[in-house]
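Observations on the model geometry
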Amino acid sequence: MSEAAFLLSTTVNGEPVTVAAPHHWTLLEVLRYKLDLIGSKQGCDKGDCGACTVQLDGEPVLACLTLAAHAQGREVTTVEGLGHCHGGCHPLQDAFDRWTAAQCGFCTPGILMSAEALIRKRGRAVEHTEVAEALAGNLCRCTGYTKILDAVVDASQQMHPAPGKE
Amino acid sequence: MTVKPSPSPLHQPGPHESGYRHASGEARYVDDLPMLPGTLVCTIFTSPIARGKISSLDVSRARTSPGVAAVLTAAELPGSNRIGPIFHDEPLLAEAQLDYVGQPIALVVGESYAACRAAAAQIEFECEAHKPILNIAEAIAAESFHGEPHTIARGDVEQALAGAAHVLEGQFESGAQDHFYLETQAALALPLEDGNFHVYASTQHPSEVQHMVAEILGIGQQRVVCEVPRMGGGFGGKESQATGVAVLAAVAAQTTGRPVKVWLNREQDMLITGNRHPFATRYRAGFDEDGRFVALDIEIFSDGGFSSDLSLPVLDRALFHLDNAYYLPNLRFVGRACKTNLASNTAFRGFGGPQGMLATEVILDRLSEQLGRDPADLRALNFYGDAPRNRTPYGQEVRDNRLPRVFSELMATSEYRARRDAIATFNRNSVWRKRGIGFAPVKFGISFTKSVLNQAGALVLVYTDGSVQLNHGGTEMGQGLHTKMLAVCCHELGVVPEQVRVMQTATDKVPNTSATAASSGSDLNGQAVRQACATIRERLRPVAATMLGCDGQQIVFTQGMVRGNGRQLPFSEVVGQAYLEQVSLSATGYYRTPGIHYDHASGQGEPFYYFAYGAAVCEVEVDGATGEHRLLRVDILHDVGTSLVPTIDIGQVEGGFVQGVGWLTCEQMVNDSKGRPLTLGPSTYKVPAIGDVPVDMHVKLLERAPQAGVIHGSKAVGEPPFMLAIGVVHALRHAIHGFGGRVVELAIPATPEAILRAVEHQKTGALPG
């Protein structure tokens, strides 16, 4: 079936990308089906579970509700690009591994993108209550969230050590 | 907690086998697998009515819709149209009869989801609606059941009730629960040469997928390989109900000769697949003066939905757990599974156990509310004890009962008694907010209750560079089974995790496996892995003994090295020499659980290899004006024997508990009067979010508690912690009781509406509609 397409020019994980996509496609569809960036997940398709969370110009957005056209000329960051400025592994990714904060892992990419935005905006170590607020839109069915909270707080402390500590 | 590097990963805290790949985003689930050119996708056309007949079905226009490769109905199926894990009583695609809203009728196969949806809209379909059976009460009235009643009985219930100091009678219900695995059902079928198929499926039961694909396609099982990359959650929802999705993909691949993916979006997933069984219970319970059970007469009904699926074993497990932790001298348990016009309800973490246990727990709450007794003491009074108070209703002896120890340790660490006193003070001084605290013990039987299923296999391959491929029959759904199997493998072969690759579960490596279910994954597969590794290690021993110049018995395999005679060699060198000496470097392992049996007719036997124990103390605060509540603090002490990997087990306890809290407090599936589900997404179906978890949560594993006769002293952990959440119900009832002092009438799930009604009842004595 032929569908009217447009050329999307955007930056994905620091790389300029130009890709043809049908007008009605979401950002998630472009990422998953055109760019093979499968880290962002399709959990509910209705903006309720958070598994598709990516960043648009540094702001967390739900890629399943964001039209691809909306990313025209902007910067998209997905979980695959999270470690780019950190030698391949972002402290959050390391903390999630160390804390066993992922069980099935399906919600993890979306959670990491929400959490990274929180820590970057705060510019300091964060507390459990702020993490819970920032991750209110990300569902996890496996962990009971405790280890996720601990991992995000731990990563933020690694990134912003308290004065006087290494 | 800091994760320390360890010499062997066994018994040490450590990361998940896929932990870094989960966090980096490179972990691939079925829907993420690279698609070969020409791969087709699907949409399922489903029944709009709960019960009736298809009057006409014409898919010819849909077939000619742009981008459509095939439209399949029951008429086009090459072999059988019957699936279902036990009785094969479920049509893959509806024939003339329609049994529930969402029942698959036709599979539209095309180039894109948009093309499939457009074509599905062209299907010409008419049906004749009949009056459906939509709940347990309607099914009982219509005598609509799956199978026969199952009865377990002991002693003289009527005589005991007649002589009881206290008798309670009533009924009780619990509701459905959607699995809400974050990854919805998905399968990708590849047609291969010579009529063979490779099916990637998100399933807990690859062997069932293999066998059903073969049966429906009318080919031999050797022609089908089912492979499971990993699952994005299972929880029982992919034990039997992943099969239909995978079979549809395979049928479409056979018909079109192209790779076909069937992926359900969330709405279709919640519509088409079944849930945790709702249960209704009628009871009469008798107690002596002190509050000890003298008799329990219970009739339980489950809502099985339209097909039998796993409803009968779920019902069995509910009956096996009506006793929970308590000795019942006289009892009569009767269970029936109702047949209704709803999606077929299925396995879900606990498998009927939670529903059975909850009924008895609520009875004990009601007794304590009536007598004004501390419910924790009442529970401890009723614990299993020494003979004759150590026989379960089905005749199995409760050995190694750890609950008295769990009870005393948890009472102390949670400061239960001081907090209960503090709550009494708080509640006296607070009009609108009341607090409550509850203690919940859990005893959960471990083994598939169908004894034959308790078997497992493994295949271990060692390569000349000393690296290892580990295959076992269990599937990874996030629970950490691969992590545990990796730890067992490293321990047995004396290698380090970096040397071992845990392979994706596939039916061409280990045949005829049981589902990864019933909390049995580590127990069964762990023994098989150990045996396979030990076989290879013992073949290497004489080789190493010659190389190191000592007796074989002195050889130690550890951390990638082989030691003896004061020297050591890398494992890889010993393996290389073994190859030159023509020693086989692969082995299978096999295990079956010894000694378990159950006779359904007499209701007696020894269905469980052992019991897992745990307990929780939960504290809540209820807002009497809104019916909302907050979980203030949770203390859990859980028995996993000697943990294989403690980080994994603690994750199972925390996650299971929160999932149980969802079932009991916020997850409510609602259908309209015609049987159409109204809760088909997370906007209307509320699963716990990060803000719903306890403010203060303390989870501990019982220390110094090795279990005999199991893999490295460890006990099963997948399901038992789910039921610890019943402690929240106890705490809610305690808080609600504070509003008026009457016996609490709290519906489950205890949503804000249900709590508000219960609070109103406390104040007025009337139950608001």
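Residues numbered from 1 in each chain as written. Chains lettered and ligands numbered in written order. Predicted model: local features only at pLDDT ≥ 70, side-chain atom pairs only at ≥ 80, totals over all residues. Heavy atoms only, no water.

A separate point is the overall build of chain A. Looking only at helices and strands, one finds five helices and five strands in chain A. Traced from its N-terminal end to its C-terminal end, chain A shows the element sequence β-β-α-β-β-β-α-α-α-α. Whereas a compact globule of 166 residues would reach a radius of gyration of roughly 15 Å, chain A reaches 16 Å, a difference of no more than 12%. Excluding contacts between residues fewer than 6 apart, the proportion of contacts in chain A whose partners are at least 24 apart in sequence is 56%. Total accessible area on chain A is roughly 6600 Å²; 52% of this is exposed by carbon and sulfur atoms. Within chain A, the 19 negative side-chain charges are centred at a point lying 4 Å from the centre of the 13 positive side-chain charges. (Helix = DSSP H or I, 4+ residues; strand = E, 2+ residues; numbered from the N terminus. Rg over C-alpha atoms; globule rule 2.2 N^0.38 Å. Contact = heavy atoms within 4.5 Å. Areas by Shrake-Rupley, 256 points an atom, 1.4 Å probe, with all protein chains shown as cover. Lys, Arg positive; Asp, Glu negative; His and termini not counted. Charge placed at Lys NZ, Arg CZ, Asp CG, Glu CD.)

Time to look at the nonpolar core. Residues F96, I148 and V152 of chain A together with I636, F657 and L746 of chain B are the most contacted members of the largest nonpolar core, which totals 105 residues. Not counting residues up to four positions away in its chain, the partners in contact with I148 of chain A are F96, A101, I111, L135, C140 and T143 of chain A. Among the nonpolar cores identified, the runner-up in size contains 55 residues, and V314, L315, L319 and L328 of chain B belong to it. (Core = buried A, V, L, I, M, F, W, Y, C linked by side-chain atoms within 4.5 Å. Buried < 20%, exposed > 50% of the residue type's maximum accessible area, 1.4 Å probe, protein only.)

Listed as interface residues are 48 residues of chain A and, on the opposing side, 58 residues of chain B. Each partner contributes to the roughly 4200 Å² buried at the junction of chain A and chain B, and carbon and sulfur atoms together form 59% of this total. Applying the counting criterion to the chain A and chain B interface returns seven salt bridges. Across the pair E654 of chain B and K147 of chain A runs a salt bridge, and its minimum N-O distance is 2.9 Å. (Buried area = accessible area lost by both parts, 1.4 Å probe. Salt bridge = Lys/Arg side-chain N within 4 Å of Asp/Glu carboxyl O.)

All names here are of chain B. With respect to topology, four strands assemble into an open sheet ordered β21-β20-β19-β26, the strand pairing being mixed. At either end of the open sheet lies a strand with only one pairing partner, and these are β21 (500–502) and β26 (586–592). For this sheet, the mean inter-axis angle between neighbouring strands, taken without regard to orientation, is 20°. On top of the sheet, helix α14 (residues 481–493) reaches β19 (455–462), β20 (468–472) and β21; it is set at about 130° to β20, its chief contact. Lying over the sheet, helix α15 (residues 521–548) contacts β19, β20 and β26, oriented at roughly 145° with respect to β26. (Pairing = 2+ DSSP bridges. Axes fitted to C-alpha atoms, helices over the stretch in contact; angles between N-to-C directions.)

Moving on, we get to the pattern of salt bridges. Taken as a whole, this structure holds 57 salt bridges over all chains when the rule is applied. For R704 of chain B, the salt bridge is made with E703 of chain B, and the minimal N-O distance between the two is 3.5 Å. Judged by relative accessible area, which is 68%, R704 of chain B ranks as exposed. Shared partners join several salt bridges into a network, and the residues in it are R32 and K41 of chain A together with D31, D32 and K261 of chain B.

All names here are of chain A. Ordered by their spatial adjacency, five strands build an open sheet running β2-β1-β5-β3-β4, and the pairing between neighbours is mixed. Edge strands, defined here as strands with exactly one partner in the open sheet, are β2 (15–22) and β4 (59–62). Ignoring which end each strand starts from, the neighbouring axes of this sheet average 45° apart. Here helix α1 (residues 27–34) sits on the sheet and contacts β1 (5–12), β2, β3 (53–56) and β5 (75–77); the angle it forms with β2, its principal contact strand, is near 105°.

Residues and elements named next belong to chain B. Interhelical geometry of α14 versus α15 gives an angle of 25° and a closest axis separation of 9 Å. Considered as vectors, α14 and α15 are oriented roughly parallel to each other. For α14 against α15, the interelement crossing comes out right-handed. Facing α14, whose interface residues are L481, K484, M485, V488, C489, E492 and L493, α15 presents G521, S522, N525, G526, V529, R530, C533, A534, I536 and R537. The class makeup of the residues in the contact of α14 with α15 is nine nonpolar, four polar and four charged. (Parallel < 35°, antiparallel > 145°, perpendicular 65-115°, else oblique. Left-handed = near helix turned anticlockwise from the far one by under 90°. Nonpolar A, V, L, I, M, F, W, Y, C, P; charged D, E, K, R; others polar.)

Right, let's get into the domain arrangement of chain B. Quoted interface sizes are often the accessible area lost when the parts come together. All names here are of chain B. Examined at the domain level, chain B breaks down into domain 1 (19–27 + 455–592), domain 2 (38–131 + 179–272) and domain 3 (279–449 + 599–764). Computed over C-alpha atoms, the centres of domain 2 and domain 3 are 36 Å apart. The interface is formed by 26 residues belonging to domain 2 together with 28 residues belonging to domain 3. A buried area of about 2200 Å², summed over both sides, lies between domain 2 and domain 3, and 65% of it is on carbon and sulfur atoms. (Domains from an automatic or database assignment.)

The subject of this paragraph is helix α12 (residues 403–414) of chain B. All names here are of chain B. Over its 12 residues, α12 runs 16 Å from end to end, which matches the ideal 16 Å to within 8%, given 1.5 Å per residue. The elements touched by buried residues of α12 are α11 (375–382), α13 (416–428), β18 (433–446), β29 (610–623) and β30 (629–638). At the C-terminal side of α12, E415 shows a positive phi close to 55°. (Expected span 1.5 Å × (residues − 1).)

Take the packing of helix α10 (residues 353–371) of chain B against helix α18 (residues 726–737) of chain B next. Residue and element names in this part refer to chain B. At their nearest, the axes of α10 and α18 sit 10 Å apart, and the two run at 25° to each other. As far as their axial angle goes, α18 and α10 are roughly parallel. As for how α10 packs across α18, the hand of that crossing is right-handed. Residues P354, M357, L358, E361, V362, D365, R366 and E369 of α10 lie in contact with α18, whose contacting residues are I726, H730, R733 and H737. Tallied by class, residues from the contact of α10 with α18 come to five nonpolar, two polar and five charged.

A few words on unusual backbone geometry. Residue and element names in this part refer to chain B. Here the amide bond leading from A387 into P388 is cis, since omega sits at 5°, within 30 degrees of zero. Unlike most non-glycine residues, H11 shows phi in positive territory, near 65°. Summarising the element assignment, H11 is placed in the segment before α1 (19–24). Here S519, not a glycine, exhibits a phi torsion of approximately 60°, which is positive. Positionally, S519 belongs in the loop between β22 (505–506) and α15.

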